Amino acid sequence: ASKLHDSTPLTLERLHKITRHKYTNSKLTQIERLILAKLDYKLITTGDNMADWLDLYLQLLAFLLPNDSVEVIFEICCRILDVLYCNVRFFDGRKLSIVVAATIQACMVVVTKHSGRFLVTIRLAILAGVREEELLKLAGKILKHVLGREVYEKYEF
């Protein structure tokens, strides 16, 4: 709550002083997560940032993408992620790195109007640490969620 409501939220340094340096950063973070879980507090990230993952992936994949398309793909992905962000449950149990990789895959489908594998698909799967099939399945769920079932089924993505 301090991070959201206090004008000067508690920092790790301050927590170390309060606890007289009894705990490591890792232990303090673990305790914080435990408390938040007990309070049923919905956290989407665990220190990750969707924009950072998106930026990193697009930098690593830029050589595989059509000329001057990185900025357009970044913008479309941000809009898709904004829609997903409105439904916190969409992120339950999923690593942000995987959601972002699937979002890029979904964006490629939207941009090219073609479903299936692209040159970037295998690299996205490797970067996110998942199988291609899992990435494609999640990209399909993202498209269905963002476009709506009717549009999704009309275009048979």
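Residues numbered from 1 in each chain as written. Predicted model: local features only at pLDDT ≥ 70, side-chain atom pairs only at ≥ 80, totals over all residues. Heavy atoms only, no water.

**Q** Just to check I follow, could you spell out the pattern of salt bridges for this structure?
**A** Pairing of side chains with opposite charge becomes possible as their charged atoms draw close. All told, the structure shown has three salt bridges when counted by the stated rule. Linking Glu133 and Arg117 is a salt bridge whose minimum nitrogen-to-oxygen distance equals 3.2 Å. In this pair, Glu133 sits in helix α8 (residues 132-147) while Arg117 sits in the loop between α6 (96-112) and α7 (119-128), placing the two residues 16 residues apart along the sequence. The exposure class assigned to Glu133 is partly exposed, which follows from its relative accessible area of 45%. (Salt bridge = Lys/Arg side-chain N within 4 Å of Asp/Glu carboxyl O. Helix = DSSP H or I, 4+ residues; strand = E, 2+ residues; numbered from the N terminus. Buried < 20%, exposed > 50% of the residue type's maximum accessible area, 1.4 Å probe, protein only.)

**Q** Teacher, can you tell me more about the environment of Leu84 here?
**A** Along the chain, Leu84 turns up in helix α5 (residues 70-85). Classification of Leu84 as buried rests on a relative accessible area of 0%. Dropping the residues within four chain positions of it, Leu84 is found in contact with Phe90, Phe91, Val99, Thr103, Ile142, His145 and Val146. (Contact = heavy atoms within 4.5 Å.)

**Q** Help me understand the packing of α6 against α8, please; the structure alone is not making it clear to me.
**A** When two helices pack together, their arrangement is given by the angle between their axes and by how far apart the axes lie. Between α6 and α8, the least distance of the axes is 8 Å, while the angle of their chain directions is 70 degrees. Regarding the angle of α6 to α8, the classification is roughly perpendicular. The way α6 lies across α8 gives a crossing that is right-handed. Of the residues in α8, those touching α6 at Ile98, Val99, Ala101, Ala102, Thr103, Gln105, Ala106, Val109 and Val110 are Leu135, Leu136, Leu138, Ala139, Ile142 and Leu143. (Axes fitted to C-alpha atoms, helices over the stretch in contact; angles between N-to-C directions. Parallel < 35°, antiparallel > 145°, perpendicular 65-115°, else oblique. Left-handed = near helix turned anticlockwise from the far one by under 90°.)

**Q** In this structure, what is going on with α6? I would like to understand it.
**A** Every α-helix winds through 3.6 residues per turn, so residues three or four apart in the chain are directed the same way. Taking 1.5 Å as the rise per residue, α6 with 17 residues should run 24 Å; its terminal C-alpha atoms sit 24 Å apart, in good agreement. With 14 of 17 residues buried, α6 is to be regarded as a mostly interior element. (Expected span 1.5 Å × (residues − 1).)

**Q** Could you clarify how one ought to interpret α7 in this entry?
**A** Those residues of α7 lying buried are Val120, Thr121, Leu124, Ala125 and Ala128. Axial view of α7: buried residues confined to an arc of 140 degrees, hence all on one face. In α7, the exposed positions angled more than 90 degrees off the buried face are occupied by Leu119 and Ile126. Looking at the buried positions of α7, the neighbouring elements they touch are α4 (50-61), α6 and α8. Where α7 terminates, the next one or two residues include Gly129, which has phi positive at roughly 75 degrees. (Arc of directions from axis to C-beta.)

**Q** Any chance you could explain the nonpolar core here in plain terms?
**A** Within soluble globular proteins, side chains that are nonpolar tend to cluster in buried spots. The biggest cluster of nonpolar side chains holds 37 residues, and the ones touching the most others in it are Leu84, Ile104, Val120, Leu124 and Ile142. Looking at this core, the elements that each hand over two or more residues are α4, α5, α6, α7 and α8. Top element by residues in this core is α6. It accounts for eleven residues. Those residues within four positions of Ile142 in sequence are excluded, and the remaining contacts are Ile80, Leu84, Phe90, Val99, Ala102, Thr103 and Ala106. (Core = buried A, V, L, I, M, F, W, Y, C linked by side-chain atoms within 4.5 Å.)

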